[in-house]
Amino acid sequence: MDIVRYGIAGMGSIGMMHADKLLSGSIPGGILCAVCTGHTEKLQSFKEKYPDVRICGSYREMLSYVDAVLIATPHPLHPQMAIEAFGAGKHVLIEKPAGADTKHVRLMNKAAADSGKVFAIMYNMRMNPLYKKVRELVRSGELGALKRITWLVTDWYRSQAYYDTGTWRATWEGEGGGVLMNQAVHNLDLLQWITGMPDSVQAFMQYGAGHNIQVEDDVTAYLQFPGGATGLFVTATHEVPGTNRLEIAGDRGKLVAENNEIIFYRNRISEREFNIINTDPFAKPENWRCHVPVKEGGDGHAGILREFTDAILYGKRLTAPGEDGILGLTLANAMYLSAAQGKQVDLKTWDDDEYYELLRGRIEKEKYLK
């Protein structure tokens, strides 16, 4: 096998972007052979631009012409479509998030494992050199034992016009939620990718704080990590100007990632060591302000596509394996459950069914209100 024949399911703005990358030749070893979509109004212009790509009347039909499928449909459809593709012997790349609930994503992960096919998720922000470097510094032990993780990410601003572009947007049925499922799902993935999963979460939400929507557009969550570290995660889509600032404090200093740069406030000796040997009641460890160099660029979406293609052809290791999609989604689902119940949720005893029932109830209420 020296070429991967791709099919794209879903030709909204994201699906069209992936199609353009495949058809521009920027993904060596990958070609776009077929698409299927419910966006029929876009098909005519697509046919005129790319007459050699097959337009399929159904997803099942498309699977018969391809080696791999890129699923870019609304989130709740991802698990079942991926399971069907694995059953047909196809490799699968899904858009984020992995799905709307962990119950169905867990079934998708099992189908992937049983199939033996390559499975990836479009967590393109993992390709960002900034977050790669932050992860490297944390995972290498450069910060020492973690104390506190704070991520204020309120620069996901969206106007009402954005939400009005599709009836599926910002609905429990169409997206499974709001800012946590569509925008900040990237940050939830990066959070656990960098620091590991927390043990528990407690979240507070506002629904339609700045928009005419029923899902959340403002979230504050408190996190507890193994080893005693704590965290705060804040996100919103109604603030202007917003902020994107990640702070990770450890025994040996503090990392601040903001405005595409990393500052490492490095303690000359660890705080724990200083605490033992120091005799001055008001002294602090000597601290150095270090600017951490970060590589330019980053492959983003194209990088994930190239890695996925190379994994199929040459067995290359993936930066964003599809199975990882359940991790950030678990955080989002647990935050929804916590906010609904008004209490802390223990992720070590996480119950897929409990959250799924909450989601089903919200969907039924939403249908009734409509």
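For the structure, check the block above.
Calculation rules
Residues numbered from 1 in each chain as written. Predicted model: local features only at pLDDT ≥ 70, side-chain atom pairs only at ≥ 80, totals over all residues. Heavy atoms only, no water. Pairing = 2+ DSSP bridges. Helix = DSSP H or I, 4+ residues; strand = E, 2+ residues; numbered from the N terminus. Contact = heavy atoms within 4.5 Å. Axes fitted to C-alpha atoms, helices over the stretch in contact; angles between N-to-C directions. Disulfide = S-S within 2.5 Å. Buried < 20%, exposed > 50% of the residue type's maximum accessible area, 1.4 Å probe, protein only. Phe/Tyr/Trp six-rings, centres within 6.5 Å; stacked < 30°, edge-to-face > 60°. Lys NZ or Arg CZ within 6 Å of the ring centre and 35° of its normal.

Enquirer: Could you give an account of the sheet that holds strand E10 (residues 230-236), with specific residues and numbers?
Expert: Neighbouring strands of a sheet are bound in pairs by backbone hydrogen bonds; such pairs are parallel or else antiparallel. With respect to topology, nine strands assemble into an open sheet ordered E14-E13-E12-E11-E7-E10-E9-E8-E15, the strand pairing being mixed. The sheet is open, and its two edges are formed by strand E14 (287-292) and strand E15 (345-346), each paired on a single side. Strand direction decides the pairing type here: strand E7 (residues 146-153) and strand E11 (residues 244-250), joined by seven bridges, are antiparallel. Paired with Trp151 across the bridge in E11 is Leu246. Packing against the sheet, helix H12 (residues 325-341) makes contact with strand E8 (200-207), strand E9 (216-224), E10 and E15, and its axis sits at approximately 70° to E8.

Enquirer: An account of the pairing of E8 is requested, with residue identities and associated values reported.
Expert: Looking at chain direction, E8 and E9 are connected through eight bridges and run antiparallel. Its bridge partner being in E9, Phe204 is matched across the sheet by Thr220.

Enquirer: If you had to explain the state of the cysteines to someone new, which residues and values would you point to?
Expert: If you walk through the whole model with that rule in mind, you get zero disulfides. Sulfur of Cys33: no disulfide; nearest cysteine sulfur belongs to Cys56 and is 9.9 Å away. No disulfide involves Cys36; its nearest neighbouring cysteine sulfur is the one of Cys56, lying 6.6 Å away. The exposure class of Cys36 is buried, given its relative accessible area of 7%.

Enquirer: Account for the packing of aromatic side chains, naming residues and giving values.
Expert: Counted according to the given criterion, the structure contains eight aromatic pairs. With a centroid separation of 5.7 Å and an interplanar angle of 40°, the aromatic rings of Tyr131 and Trp151 are classed as tilted. Linking Tyr131 in helix H6 (residues 129-139) with Trp151 in strand E7, this pair joins segments that are 20 residues apart in sequence. The class of Tyr131 is buried, set by a relative accessible area of 6%. Taking 6.1 Å as the distance between ring centres and 15° as the angle between the ring planes, the aromatic pair formed by Tyr336 and Tyr355 counts as stacked. Remark: Tyr355 occurs in helix H13 (residues 352-369) and Tyr336 occurs in helix H12; sequence separation between them is 19 residues. On the basis of relative accessible area, Tyr355 is assigned to the buried category, the value being 0%. Here a set of aromatic residues connected by ring pairs shows up, and it is made of Trp172, Tyr207, Tyr336 and Tyr355. Here the basic side chain of Arg54 rests over the ring of Tyr65, its NZ or CZ set 3.8 Å away from the ring centre. Positioned above the aromatic ring of Tyr162, the side-chain terminus of Arg158 is 5.1 Å from the ring centre.

Enquirer: I'd like a description of the sheet that holds strand E4 (residues 68-71), backed by residues and values.
Expert: Sheet architecture is open: six strands sit in the order E3-E2-E1-E4-E5-E6, paired in parallel fashion. Looking along the sheet, the strands with just one partner apiece sit at the ends: strand E3 (54-55) and strand E6 (119-121). Direction of pairing for strand E2 (residues 30-36) relative to E3: parallel, over a ladder of two bridges. Paired with Ala34 across the two strands is Arg54, which belongs to E3. Packed onto the sheet, helix H1 (residues 13-23) meets strand E1 (4-9), E2 and E4 and runs at close to 160° relative to E1.

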